[in-house]
Structures are given as C-alpha cells and as structure tokens.
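Listed here are the chains, written in short residue letters.
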Amino acid sequence: MIHGFVMSGMKYDFDFGGMTEDNSLFHIVNRIRKNSSVLEFGCANGRMTRYLKENLNCDVRAIEINADAAQHAASFAKELLIADVEELSWLEHFDGYEFDYLTFADVLEHLKDPKIILSEAKKLLSSEGSILISIPNIAHNSIIMNLIDDEFDYQEIGLLDKTHIRFFTYKSLLS
C-alpha cells in the first residue's frame, strides 16, 4: 500500500551490491534480526527493503520522498508512505506502531535538523528497539586529500553529494 505523493526522479537507483563490508548497508542489515519489524526512512528504490523482506523475512514499512523510487520499493514494503521526512506526517501515520528497528541509511545528511527527526522517530521504537544509521564521513581520507589540494567539489552522488546539507564526522554525529 502506497500513501502520499511527492516529486519524481530516481537518483539512487542502483542494486544492493555484493554485500561486502565496504557497503554501509551491509553493516545495517547485519544488525537486524530475522522476522523483525522495520521502519526504513529513505528507502530509495528499495534495495535494502527487498533484502530485509526476502532474506530476513522482516515486516518492513518505509518512507520515501521520491515517488518514482517509491514505486520500485513498494513491492517489497508492507506499506510505503511517500512523504518528506522533515514534515513529520509519518509520525501520525505510524502512530500506534512499535518497530524493532528504525533505519536511516544515508538520510540524515539530507535533513535540516536530523536531531528533531531522530527524537521524534524514537517514539515509534519498541522498548528493546534500535535506530541504525549510516552517514558519509566528511573526515574520509579522500576528502582530506582533496582539501590539501584546495579542492572541494560537489558531485551527483557520493561523499560530496550536492544534496547533502549536513556533514558529519564520527565525533560530530555523537554530539
């Protein structure tokens, strides 16, 4: 079931990949127990959604801002809400649910105030639930080397994705 409508365009349309330790999604899915309930924030085309459903038999509900990407993910999610995470409509929509996991895979760097979103999202966690996050690390050696060469060039995707409005290091994420 899909709810809502937003804009189109499929920027993050790529396969789940080889499930190697170099992939941040590898680290997220390896922390999720089989048969769990998951609310996936920013599911994109559903690559992780599909893995959770087909490999871990999880009950996955998802939120995605991009309507085209959501269409691809919809067949893997029990329910998919097309919405802007920052508008908080998902909080009312999923009121009464208790999830074992909330996932934010490369989402927080796109938000104006990720602390508010995380604080509100915690309301949907079961008493033993966990929030799983991946973010690009602005302290990555490739960024540092480019800075030494006086380069800081935004890109279509990756660490310096031009839609990133927040940058984090390990320490800044914890604060």
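Residues numbered from 1 in each chain as written. Predicted model: local features only at pLDDT ≥ 70, side-chain atom pairs only at ≥ 80, totals over all residues. Heavy atoms only, no water.

1. Examining the overall build of the protein chain
In step 1: Across its full length, the protein chain carries seven helices and six strands.
In step 2: Its helices and strands taken in sequence order, the protein chain reads β-α-β-α-β-α-β-α-β-α-β-α-α from the N to the C terminus.
In step 3: Nonlocal contacts in the protein chain, meaning residues at least 24 apart in sequence, comprise 62% of its contacts between residues at least 6 apart.
In step 4: Summed over its atoms, the accessible surface of the protein chain is roughly 9900 Å², and 50% of this surface lies on carbon and sulfur atoms. (Helix = DSSP H or I, 4+ residues; strand = E, 2+ residues; numbered from the N terminus. Contact = heavy atoms within 4.5 Å. Areas by Shrake-Rupley, 256 points an atom, 1.4 Å probe, with all protein chains shown as cover.)

2. A word on the side chain of E120
In step 1: With respect to the helices and strands, the residue E120 is situated in helix α5 (residues 114–121).
In step 2: Within the local environment of E120, its side chain forms a polar contact with the side chain of K123, the two groups lying 2.7 Å apart.
In step 3: Excluding residues within four positions of it along the chain, E120 makes contact with L88, W90 and L91. (Polar contact = N/O pair within 3.5 Å; in protein donor to acceptor, adjacent residues only side chain to side chain.)

3. Quick word on the packing of aromatic side chains
In step 1: This model, assessed by the stated rule, comprises eight aromatic pairs.
In step 2: The interplanar angle of 90° and the centroid separation of 4.9 Å between the aromatic rings of F41 and W90 together place this pair among those described as edge-to-face. You can see F41 sitting in strand β2 (residues 37–41) and its partner W90 sitting in helix α4 (residues 89–93), a full 49 residues away along the chain.
In step 3: Owing to a relative accessible area of 1%, F41 belongs among the buried residues under this scheme. (Phe/Tyr/Trp six-rings, centres within 6.5 Å; stacked < 30°, edge-to-face > 60°. Buried < 20%, exposed > 50% of the residue type's maximum accessible area, 1.4 Å probe, protein only.)

4. Some points on the pattern of salt bridges
In step 1: Counting across every chain of the model gives four salt bridges.
In step 2: Residue E54 pairs with R50 through a salt bridge whose shortest N-O separation is 3.1 Å. Taken as a pair, E54 and R50 lie in helix α2 (residues 47–56) at a separation of four residues, close to a single helical turn.
In step 3: With its nearest N and O atoms 3.3 Å apart, the salt bridge here joins R61 to E79. Taken as a pair, R61 in strand β3 (residues 59–64) and E79 in strand β4 (residues 79–82) lie far apart in primary sequence, 18 residues in all.
In step 4: A relative accessible area of 11% means that R61 is categorised as buried.
In step 5: On the basis of relative accessible area, E79 is assigned to the buried category, the value being 7%.
In step 6: Linked by salt bridges that have partners in common, D59, R61 and E79 make up one network. (Salt bridge = Lys/Arg side-chain N within 4 Å of Asp/Glu carboxyl O.)

5. Digging into the nonpolar core
In globular proteins that are soluble, nonpolar side chains generally tend to be buried together.
In step 1: Counting 21 residues, the largest nonpolar core has L39, F41, I63, W90, F94, L102 and F104 as the members making the most contacts within it.
In step 2: Elements with a contribution of two residues or more to this core: β2, α4, β5 (99–105) and α5.
In step 3: Leaving out residues up to four positions away in the same chain, F41 has contacts with I63, V85, W90, L102, T103, F104, A105, V107 and A121.
In step 4: Judged by nonpolar contacts, the second largest core, of 13 residues, contains I32, M48, C58 and L132. (Core = buried A, V, L, I, M, F, W, Y, C linked by side-chain atoms within 4.5 Å.)

6. Observations regarding unusual backbone geometry
In step 1: In this model, L88 sits at a positive phi of 65°, which is unusual for a non-glycine residue.
In step 2: In this structure, L88 sits in the loop between β4 and α4.
In step 3: Positive phi is not limited to glycine here, since D106 has a value of about 55°.
In step 4: Within the secondary structure layout, D106 lies in the loop between β5 and α5.

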